[in-house]
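Survey of secondary and tertiary structure
Listed below are the residues making up each chain.
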2 protein chains.
Amino acid sequence: MAAVADDLVRALGPRVVVDPDRMTPWTRDQSPFSTSGAPAAVVRAASTDHVVVTLQTATRHGTPVVTRGAGSGLSGGANALDGCIVLALDEMDAIVDIDVARRTATVQPGVINADLGRAAAEHGLRYTPDPGSRDISSIGGNIATNAGGMSCCKYGVTADHVAALTAVLPDGTVIRTGGPLRKNVTGLDLTRLLVGSEGTLAVVVEATVWLRPVVADESTIVAMFASLEAAMRAVVAVTGETTPSAVELMDRTTVAAVNAMTGMAIDATAEAVLLMTYDGPAAAGEVVAGEVVVVAEGATEVFRTDDRAEGAELMNARRLALPALERLGSILLDDVGVPVDRLPRMVADIQAVAARHDVTIGTFGHAADGNLHPTIIFDAQDVAERDRAQAAFTDIVRAALAHGGTASGEHGIGSLKLPFVTEMYGAAEIDLMRRIKAAFDPDGLMNPGRAY
Amino acid sequence: MAAVADDLVRALGPRVVVDPDRMTPWTRDQSPFSTSGAPAAVVRAASTDHVVVTLQTATRHGTPVVTRGAGSGLSGGANALDGCIVLALDEMDAIVDIDVARRTATVQPGVINADLGRAAAEHGLRYTPDPGSRDISSIGGNIATNAGGMSCCKYGVTADHVAALTAVLPDGTVIRTGGPLRKNVTGLDLTRLLVGSEGTLAVVVEATVWLRPVVADESTIVAMFASLEAAMRAVVAVTGETTPSAVELMDRTTVAAVNAMTGMAIDATAEAVLLMTYDGPAAAGEVVAGEVVVVAEGATEVFRTDDRAEGAELMNARRLALPALERLGSILLDDVGVPVDRLPRMVADIQAVAARHDVTIGTFGHAADGNLHPTIIFDAQDVAERDRAQAAFTDIVRAALAHGGTASGEHGIGSLKLPFVTEMYGAAEIDLMRRIKAAFDPDGLMNPGRAY
């Protein structure tokens with residue numbers, strides 16, 4: 001047993017797993033094709049004190065720390081490194097407080113997104129960030145990756161909902177950032193710096209997040225298009241002229257996969273389907289305007305409802321896009337983002353990539369944010385096809401970057417997308433990020449080699 | 001002439017002012033009672049190159065740099081330091097681009113907020129951050145202080161509107177942060193870190209900001225209350241149940257001052273007036289609901305209109321609160337923020353402070369954000385009264401901090417409020433901020449001793 005593991009066992013006893021066989025469940029996130037190593041120990045922290053002791057021990061031994069929430073990440077950011085400590089926070093899952101007057105929740109990092117949503121609903125409130133993983137991902141992981149979702153086009157991403165954090169620095173110092181304040185310009189914005197930092201700066205042990213009132217009425221519009229480009233032109237128009245609470249894309253490949261998985265009968269002859277939601281009843285001016293816009297932009301068929309059950313069924317079908325595509329073969333899921341006006345050209349690029357590399361790509365995603373998940377489906381046993389899939393993956397990211405876009409809209413860089421960071425930002429920006437990291441983590445122990 | 005001034009003159013010729021008498025206009029912002037020094041030189045930059053050369057020269061000589069926008073700040077953050085270079089950006093005032101499809105504007109830092117608003121309006125768009133200084137303050141200064149305003153309760157502060165920045169580090173390196181992307185989780189959020197950093201990290205030379213569509217209809221509700229506490233309880237209720245685009249407070253002292261200045265006849269018998277605006281016509285459900293809530297919360301008189309001219313006249317009266325109070329004597333303007341649910345207790349505290357120190361305080365502000373501007377009016381010639389005013393100022397900030405609030409909601413810490421930063425955050429957080437500063441500015445030349 002490594003000396004660091006020995007020290008951890010002495011300090012934290014049954015909270016520490018050191019048997020290599022028993023550590024397996026904590027060594028990887030859900031990303032395919034990412035590498036992972038063998039940790040020296042897994043610490044299942046149940047309190048801030050456990051986190052402090054773990055980080056102090058790591059610093060004393062110079063041992064890297066990979067912090068882990070629910071392990072639902074898609075970028076290899078929580079994969080173990082050889083000889084590291086995996087610091088698992090899933091048992092720190094208390095909802096400490098819901099303050100109705102203030103409309104905040106204070107939670108430990110292991111709270112599952114959907115569990116927070118249910119707890120808020122008991123008070124007529126909701127937590128709006130709604131990543132596809134909301135049933136399995138934790139608030140701590142959502143904060144680490146600045147997770148997105150469907151409703152971000154109207155309500156913002158995770159970062160827009162974090163009011164205050166308590167975090168532990170690698171030397172064991174506990175810091176508190178921000179506050180439940182609508183305006184606060186005292187000091188540098190440490191809260192926002194920690195959100196999306198992918199475990200490279202500090203360990204968040206408590207978060208205060210903003211809640212919103214539950215919406216009384218919600219309408220859903222389904223619109224079919226004869227081409228992906230036409231659908232994307234409609235997205236540009238409808239987000240310019242109205243304020244939908246979601247505009248989700250499924251291409252024909254995705255729709256067919258979802259139909260096959262669910263037994264639903266969404267029109268799979270259209271090249272693209274847009275699912276749009278609006279706060280308000282179906283007769284509301286904005287909802288009607290949304291339908292008028294997509295029809296003017298060439299929708300071949302449109303359906304509008306404010307039946308919540310019907311709307312939920314459609315959006316749930318969209319939420320099943322990824323598992324449905326996974327039934328077709330091995331997948332490489334991308335997470336690119338482009339300026340919204342570049343969406344028509346980006347989907348044309350994705351189709352060209354599929355043709356050039358002779359691979360099937362199912363594209364779905366949060367079109368209103370310019371955030372697409374082109375998903376390459378391939379046979380992992382076929383080495384040549386696997387190589388073509390990986391080449392296609394790279395070309396899609398490069399196409400997004402060429403449009404002034406990002407390598408990751410909402411999943412994080414982790415280890416999987418690290419090569420693209422230096423293609424998006426220049427050396428000066430990356431150097432600066434690393435110097436900022438050193439301000440938190442002078443020994444470079446926090447998830448080293450990840451994110452930037 | 002100092003050696004650094006000599007070098008600047010050699011490199012930048014007529015862009016440099018070194019005559020002490022001629023430098024006076026660039027040595028102070030608009031904060032009263034803040035200290036300022038005598039600069040070695042003023043550089044009136046007209047390009048990014050001028051900024052680069054200035055910073056490189058400063059680094060070579062180890063000379064502090066105080067960056068300055070329009071000079072409308074209220075916290076002493078742009079006041080000259082002895083022997084510093086004042087880097088004035090007011091001549092870098094080009095609107096580089098307005099991208100209608102993308103709904104962004106790219107501007108140089110010297111562009112005046114209201115000028116950007118007028119340029120956007122030509123495209124049916126608007127720039128929503130609306131600090132009280134919008135007619136005189138620059139976007140660069142707004143970014144440096146993370147400026148707020150009236151509409152932030154619905155549309156967010158300056159930070160929520162900055163998509164991308166180009167900035168110059170003290171060694172002359174030009175960095176680019178962010179992008180016109182609704183979702184982007186690649187790397188650390190350098191954009192957000194620069195916003196609100198008050199010139200302590202780098203010099204912003206270009207910003208891409210988000211615009212929004214112009215709102216077709218706007219309604220205004222005026223509500224009178226028999227006490228400040230009742231008005232604040234109404235704010236808690238009305239922001240919990242509806243989404244106003246502004247909820248502004250004026251107390252009786254402020255209303256009387258505004259009436260005296262403008263000849264208007266707003267009811268000055270009420271202890272507090274709330275001015276609320278909503279997007280939408282006066283008959284819209286939410287606007288009616290807003291009126292119902294304030295009546296239920298004890299408004300003694302309510303008036304509702306969607307006449308834009310009438311609404312604008314009322315909001316302009318509120319915008320004149322500060323100049324109107326300035327006519328009554330010397331003023332000390334505070335800028336505290338508290339969690340919204342603490343507003344009733346905070347206004348009670350302000351009244352207790354006024355009584356305890358025997359000073360007049362006119363309180364106005366952005367109540368929906370918990371952001372108040374209690375303004376102490378006093379006779380600066382009367383030493384005892386001046387001391388009492390300063391004691392009251394301190395007690396108001398301490399009261400806000402005791403409510404879990406902030407020393408500055410939107411004006412910045414500058415030099416004036418520096419003592420309170422260490423009362424809001426602990427030593428660990430301040431140390432961390434200073435280490436982050438060092439990552440940008442290893443020699444400590446950027447607005448040293450300000451903000452944190």
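Residues numbered from 1 in each chain as written. Chains lettered and ligands numbered in written order. Predicted model: local features only at pLDDT ≥ 70, side-chain atom pairs only at ≥ 80, totals over all residues. Heavy atoms only, no water.

Looking at the overall build of chain A
- If you tally the helices and strands in chain A, you get 16 helices and 19 strands.
- Its C-alpha atoms give chain A a radius of gyration of 22 Å, near enough to 22 Å, the size a compact globule of 452 residues would have.
- Projected onto its principal axes, the C-alpha positions of chain A cover 65 × 60 × 45 Å.
- Residues classed as buried in chain A amount to 59% of the 452 residues present.
- Partitioning the intrachain contacts of chain A with sequence separation of at least 6 by distance along the chain shows that 72% fall at a separation of at least 24.
- Both charge centroids of chain A, one from 36 positive and one from 56 negative side chains, sit 4 Å from each other. (Helix = DSSP H or I, 4+ residues; strand = E, 2+ residues; numbered from the N terminus. Rg over C-alpha atoms; globule rule 2.2 N^0.38 Å. Buried < 20%, exposed > 50% of the residue type's maximum accessible area, 1.4 Å probe, protein only. Contact = heavy atoms within 4.5 Å. Lys, Arg positive; Asp, Glu negative; His and termini not counted. Charge placed at Lys NZ, Arg CZ, Asp CG, Glu CD.)

Some words on the interface of chain B and chain A
- Taken together, the contact pairs 69 residues of chain B with 70 residues of chain A.
- For the pair chain B and chain A, the summed buried area comes to about 5200 Å², and 62% of that belongs to carbon and sulfur atoms.
- Connecting chain B to chain A are 8 salt bridges.
- Counting residues per element, the ones that place at least two in the side of chain B that touches chain A are β9 (174-178), α7 (190-194), α8 (228-241), α15 (418-424) and α16 (427-440) of chain B.
- Of the residues forming the side of chain B that touches chain A, the biggest block, 8 residues, is contributed by α16(B).
- Looking at side-chain class alone, the side of chain B that touches chain A contains 31 nonpolar, 23 polar and 15 charged residues. (Buried area = accessible area lost by both parts, 1.4 Å probe. Salt bridge = Lys/Arg side-chain N within 4 Å of Asp/Glu carboxyl O. Nonpolar A, V, L, I, M, F, W, Y, C, P; charged D, E, K, R; others polar.)

Here we look at the sheet that holds strand β1 (residues 16-17) of chain B
Residue and element names in this part refer to chain B.
- Ordered by their spatial adjacency, 4 strands build an open sheet running β1-β2-β4-β3, and the pairing between neighbours is mixed. The sheet terminates laterally at β1 and β3 (65-68), the two strands that pair on one side only.
- Sheet analysis places strand β2 (residues 41-44) next to strand β4 (residues 85-88), joined by 4 bridges and oriented parallel. By the bridge assignment, Val-43 is partnered in β4 with Leu-87.
- Strands in contact with helix α1 (residues 3-12) are β1, β2 and β4; relative to β2, the strand with the most contacts, it is inclined by about 25°.
- On the sheet, helix α3 (residues 48-61) packs against β2, β3 and β4 and is oriented at approximately 165° with respect to β4. (Pairing = 2+ DSSP bridges. Axes fitted to C-alpha atoms, helices over the stretch in contact; angles between N-to-C directions.)

What about the domain arrangement of chain A?
- In terms of domain boundaries, chain A breaks down into domain 1 (2-88), domain 2 (95-213), domain 3 (215-317) and domain 4 (329-441).
- For domain 1 of chain A and domain 3 of chain A, the distance between their C-alpha centroids amounts to 43 Å. (Domains from an automatic or database assignment.)

Let's talk about the relation of the copies chain B and chain A
- Note on the identical chains: chain B maps onto chain A by a rotation of 180° and an axial translation of 0.0 Å, with an RMSD of 0.0 Å. A rotation of that kind, with that shift, is consistent with a two-fold axis. Closest to the rotation axis within chain B is the C-alpha of Ile436(B), separated from it by 2.8 Å.
- A shared binding surface is used by both copies, with 100% of the interface residues of chain B retained as interface residues in chain A. (Least-squares fit on C-alpha atoms with pLDDT ≥ 70 in both.)

Observations regarding the state of the cysteines
Residue and element names in this part refer to chain A.
- With the rule as written, the count across this model stands at 0 disulfides over all chains.
- Cys-153 takes part in no disulfide bond, and the closest cysteine sulfur, belonging to Cys-152, lies 7.5 Å away.
- Residue Cys-153 is classed as partly exposed on the basis of its relative accessible area of 26%. (Disulfide = S-S within 2.5 Å.)

So, the pairing of strand β18 (residues 360-366) of chain B
Residues and elements named next belong to chain B.
- The buried count for β18 comes to 6 of 7 residues, which makes it a mostly enclosed element.
- Alignment of strand β13 (residues 246-251) against β18, held across 3 bridges, turns out to be antiparallel. Opposite Glu-248, over in β18, you have His-366 as the bridge partner.
- In this structure, β18 lies alongside strand β19 (residues 371-378), joined through 7 bridges in antiparallel fashion. Residue pairing for β19: Phe-364 is matched across the bridge by His-373.

Thoughts on the packing of α8(B) against helix α13 (residues 343-357) of chain B
Residue and element names in this part refer to chain B.
- As a packed pair, α8 and α13 sit with axes 8 Å apart at the nearest point and diverge in direction by 155°. Comparing their axes, α13 and α8 come out roughly antiparallel. The two elements α8 and α13 cross, and the hand of that crossing is right-handed. On α13, the residues that touch Leu-228, Glu-229, Met-232, Arg-233, Val-235 and Val-236 of α8 are Leu-343, Pro-344, Val-347, Ala-348 and Gln-351.
- Its residues assigned to classes, the contact of α8 with α13 comprises 8 nonpolar, 1 polar and 2 charged. (Parallel < 35°, antiparallel > 145°, perpendicular 65-115°, else oblique. Left-handed = near helix turned anticlockwise from the far one by under 90°.)

Observations concerning the packing of helix α13 (residues 343-357) of chain A against helix α14 (residues 383-402) of chain A
Residues and elements named next belong to chain A.
- It is the contact of α13 with α14, at a shortest axis distance of 10 Å, that shows an interaxial angle of 155°. The angle between α13 and α14 falls in the class roughly antiparallel. In this structure, α13 crosses over α14, and the sense of that crossing is right-handed. Counted together, Met-346, Asp-349, Val-353, Arg-356 and His-357 of α13 and Arg-388, Ala-391, Ala-392, Asp-395, Ile-396, Ala-399 and Ala-400 of α14 form the full contact between these two elements.
- Looking at the contact of α13 with α14, its residues break down into 7 nonpolar, 1 polar and 4 charged.

Description of the packing of aromatic side chains
- Going through the model one piece at a time under the given rule, you end up with 2 aromatic pairs over all chains.
- With a centroid separation of 5.6 Å and 35° between ring planes, the pair formed by Phe33(A) and Phe378(A) is classed as tilted. You can see Phe33(A) sitting in the loop between α2 (20-23) and β2 (41-44) and its partner Phe378(A) sitting in strand β19 (residues 371-378), a full 345 residues away along the chain.
- We classify Phe378(A) as buried; its relative accessible area is 3%.
- Here Arg182(A) stacks its cationic end above the ring of Trp210(A), 3.8 Å away from the centre of that ring.
- Lying across the ring of Tyr155(B), Arg126(B) places its NZ or CZ 4.7 Å from the centre. (Phe/Tyr/Trp six-rings, centres within 6.5 Å; stacked < 30°, edge-to-face > 60°. Lys NZ or Arg CZ within 6 Å of the ring centre and 35° of its normal.)

Remarks on the sheet that holds strand β5 (residues 95-99) of chain A
Residues and elements named next belong to chain A.
- Strand order in the open sheet formed by 5 strands is β5-β6-β10-β8-β9, with antiparallel pairing between adjacent strands. At either margin of the open sheet sits one strand with a lone partner, and together these are β5 and β9 (174-178). Each neighbouring strand pair of the sheet contributes to a mean axis angle of 10°, computed without reference to strand direction.

Re unusual backbone geometry
- Although it is not a glycine, Arg103(A) sits at a positive phi angle of roughly 55°.
- When you line up the elements, Arg103(A) lands in the loop between β5 and β6 (104-107).
- Overall, Arg103(A) belongs to the buried group, its relative accessible area being 15%.
- One non-glycine residue, Glu198(B), lies in the positive phi region at around 55°.
- Note that Glu198(B) resides in the loop between α7 and β10 (203-210).
- Judged by its relative accessible area of 7%, Glu198(B) falls in the buried class.

Some points on the side chain of Glu248(B)
Residues and elements named next belong to chain B.
- As for its position among the elements, Glu-248 is in strand β13.
- The class for Glu-248 is buried, based on a relative accessible area of 1%.
- Within polar-contact distance, the side chain of Glu-248 engages the side chain of Arg-318 at 2.7 Å.
- Excluding its chain neighbours within four sequence positions, the residues that come into contact with Glu-248 are Met-150, Val-273, Leu-274, Leu-275, Met-315, Arg-318, Gly-365 and His-366. (Polar contact = N/O pair within 3.5 Å; in protein donor to acceptor, adjacent residues only side chain to side chain.)

Focus on the pattern of salt bridges
- Scanning the entire structure with this criterion turns up 46 salt bridges over all chains.
- The closest approach of N and O atoms between Asp99(A) and Arg102(A), which form a salt bridge, is 3.9 Å.
- Where Asp395(B) meets Arg356(B), a salt bridge forms, and the shortest distance between an N and an O atom there is 3.0 Å. Of the two residues, Asp395(B) sits in helix α14 (residues 383-402) while Arg356(B) sits in helix α13, which places them 39 residues apart along the sequence.
- Given a relative accessible area of 54%, Arg356(B) falls into the exposed group.
- Look at the salt bridges and you will find they share partners, linking Asp6(A), Asp7(A), Arg10(A) and Arg60(A) into a network.

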